[in-house]
Amino acid sequence: MFGLEGKRVVITGASGGVGMALVGRFAELGAVVVACDVPGTDFGALPVDRYHLFDITDRDAVETAARAICEDGAPDVMVSNAGWTRAETMAQLTTERFDHEMDLNFRGAADLSRALLPAMRANPSGASFVFVSSVNALAHYGNPAYAAAKAGLGAWARALAAEEGVNGIRANVVAPGSIRTAAWDHRIERDPAILERVSSFFPIGRMVAPGEVANAVAFVASPLASGITGVTIPVDGGLSSSHLPFVREIA
Ligand SMILES: NC(=O)c1ccc[n+]([C@@H]2O[C@H](COP(=O)([O-])OP(=O)(O)OC[C@H]3O[C@@H](n4cnc5c(N)ncnc54)[C@H](O)[C@@H]3O)[C@@H](O)[C@H]2O)c1
């Protein structure tokens, strides 16, 4: 139904919380899943057809991996999902943390898409990019370097969409709100009640689930979304559409 049967889908951060949901959803939809993650990753029982292990912040490693990925055929879809943040505020940023969060969340994603683009451009049935960003790119929810890097992905996707549409390329962004994955473990260790408290800020009354993000990514990556390019789709349970504490105050 999604038209993804037999399509070669490259997914970064494929063993993470959202990554596993993405791998599962694309596999269910009949795609050939090309999983990417850091060296040493074990994909276990995940339905992965091919895998490439490299650090996305290592530019030479990205070039080498892109060549290896394309040796098996041009990708139809690249899902940029690898990402990470720890510096919650400006005060917590050091030069090293700043560089790492920008390199991982923006530069690595941009480098890999640039390296895969020539092969994807030559794909006769067209191709698409989906960049997993964050609501942090839409308004300030903390994590300044990560937020700036994720906002950069929006500009990058729009540039790809505008310049490469003529070559059959679409590029979009999915911006999740908070998702309960390993990315929250360090916060929960610090404050076990944090999930319950932040849930009250979401109009749907909860954080979103990895599968809900994967559904949106699969749709926007697929031919069903053939008219959609250059946009950012929040998958955030309404978080960025409202400010519930304010609404509650005036009620
Ligand atoms: N969890 C949330 O609350 C949340 C909210 C908004 C957006 N996101 C975004 O969703 C995406 C997935 O996050 P998640 O919650 O599944 O996190 P996660 O920590 O479970 O997974 C992140 C993945 O990225 C990989 N990765 C980390 N550094 C890498 C590197 N240098 N090179 C290659 N791969 C690397 C990890 O190995 C892991 O597989 C990220 O881009 C994240 O920014 C997450």
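I will try to describe carefully the structure that is included in this document.

Here we look at the overall build of the protein
Secondary structure summary: the protein contains eight helices and seven strands in total. Against the globule reference of 18 Å for 251 residues, the protein gives a C-alpha radius of gyration of 18 Å, in line with a compact fold. Seen through its principal axes, the protein has C-alpha atoms that stretch 55 × 40 × 35 Å. Contacts spanning at least 24 positions in sequence make up 72% of the contacts within the protein whose residues lie at least 6 apart.

Some details on the sheet that holds strand β1 (residues 8-12)
With respect to topology, seven strands assemble into an open sheet ordered β3-β2-β1-β4-β5-β6-β7, the strand pairing being parallel. Either end of the sheet is taken by a strand with one partner, and the two such strands are β3 (50-53) and β7 (232-235). When strand polarity is set aside, the average angle formed by the axes of neighbouring strands in this sheet is 20°. Pairing geometry for β1 and strand β2 (residues 32-37), over five bridges, is parallel. Bridging across to β2, V10 finds its partner in V34. Packing against the sheet, helix α2 (residues 59-71) makes contact with β1, β2 and β3, and its axis sits at approximately 170° to β3.

Let's talk about the nonpolar core
Counting residues in hydrophobic clusters, the biggest one holds 71 residues, and the most contacted among them are I11 and V217. Of all the elements, helix α4 (residues 144-164) adds the most residues to this core, at 10 residues. When neighbours within four sequence positions are excluded, I11 is seen to be in contact with G19, L22, V23, F26, V33, A35, C36, V79 and N81.

Here's the deal with the site of the ligand
What surrounds the ligand is a group of 26 residues, the closest being G13, G16, V18, G83 and T181. Ranked by residues supplied to the shell around the ligand, first place goes to helix α1 (residues 17-28) with three residues. Its residues assigned to classes, the shell around the ligand comprises 12 nonpolar, 12 polar and two charged.

Some thoughts on α1
Between its first and last C-alpha, α1 extends 17 Å over 12 residues, near the 16 Å set by a 1.5 Å rise per residue. Every buried residue of α1 is accounted for by V18, G19, M20, A21, L22, V23, R25 and F26. Contacts made by the buried residues of α1 are with β1, β2, β4 (77-80), β5 (127-132) and α7 (210-221).

Overview of the pairing of β4
Burial along β4 is two-sided: V77 and V79 and M78 and S80, pointing in opposite directions, are all buried. Across three bridges, β1 lies against β4 in parallel orientation. From the neighbouring strand, V9 faces β4, where its bridge partner is V77. Pairing of β4 with β5 involves four bridges; the strand directions are parallel. Among the inter-strand pairings, V79 is bridged to a residue of β5, identified as V130. For the segment spanning β4, helix α3 (residues 95-121) and β5, crossover handedness is right-handed.

Focus on the packing of α3 against α4
Where α3 meets α4, the closest approach of the two axes is 8 Å, and the angle between their N-to-C directions is 15°. In terms of axis orientation, α3 runs roughly parallel to α4. Like other packed secondary-structure pairs, α3 and α4 cross with a definite hand, here right-handed. Residues R97, F98, E101, M102, N105, F106, A109, A110, S113 and R121 of α3 touch α4, and the partners they reach there are A145, Y146, A149, K150, G152, L153, W156, L160 and E164.

Focus: unusual backbone geometry
Phi is mostly negative for residues that are not glycine, and the peptide bonds are mostly trans. One non-glycine residue, N143, lies in positive phi territory at about 55°. Within the secondary structure, N143 sits in the loop between β5 and α4.

Describing the environment of N167
Inspection of the secondary structure puts N167 in the loop between α4 and β6 (169-176). According to the C-beta neighbour criterion, N167 is partly exposed, with 14 such atoms within 10 Å. In this structure the C-alpha to C-alpha distance between N167 and M120, which are 47 residues apart in sequence, comes to 9.1 Å.

The rules behind each value
Note on numbering: residues in each chain are counted from 1, in written sequence order. The predicted origin of the model limits local features to residues at a pLDDT of at least 70 and limits the giving and counting of side-chain atom pairs to 80 or more, whereas totals for whole chains, interfaces and linings rest on all residues. Secondary structure elements follow DSSP: runs of H or I no shorter than four residues count as helices, runs of E no shorter than two count as strands, and numbering proceeds from the N terminus. For this measure, only C-alpha atoms enter the radius of gyration; the expected value for a globule follows 2.2 Å times N^0.38, where N is the number of residues. Note on contacts: each residue gets a C-beta atom placed from the backbone, and two residues are in contact if those atoms are within 7 Å. DSSP-based pairing: two strands are paired if at least 2 bridges between them are found. Throughout, an axis means a line fitted to C-alpha atoms (over the contacting stretch in the case of helices), and angles, computed between N-to-C directions, take values from 0 to 180 degrees. We define a nonpolar core as a collection of buried residues of the types Ala, Val, Leu, Ile, Met, Phe, Trp, Tyr and Cys that are connected via C-beta atoms lying within 7 Å of each other. Exposure classification rests on a simple neighbour count of other C-beta atoms within 10 Å of a residue's own: a residue reaching 20 or more is buried, one at 12 or fewer is exposed, and one in between is partly exposed. C-beta atoms are placed from the backbone. A residue counts as near a molecule or strand when its C-beta atom, positioned from the backbone, falls within 6 Å of it. All residues other than Ala, Val, Leu, Ile, Met, Phe, Trp, Tyr, Cys, Pro, Asp, Glu, Lys and Arg, Gly among them, are scored as polar; the first ten of these are nonpolar and the last four charged. One less than the residue count of a helix, multiplied by 1.5 Å, gives the span that helix is expected to have. A clockwise path from the first strand over the helix to the second, with the strands pointing away from the viewer, defines a right-handed crossover. These descriptions rest on fixed angle ranges, namely under 35 degrees for roughly parallel, over 145 for roughly antiparallel, 65 to 115 for roughly perpendicular, and the rest for oblique. Should the near helix be turned counterclockwise from the far one by less than a right angle, the crossing is left-handed, whereas a clockwise turn marks it as right-handed.

Function cannot be inferred from these measures alone, as they are strictly geometric.
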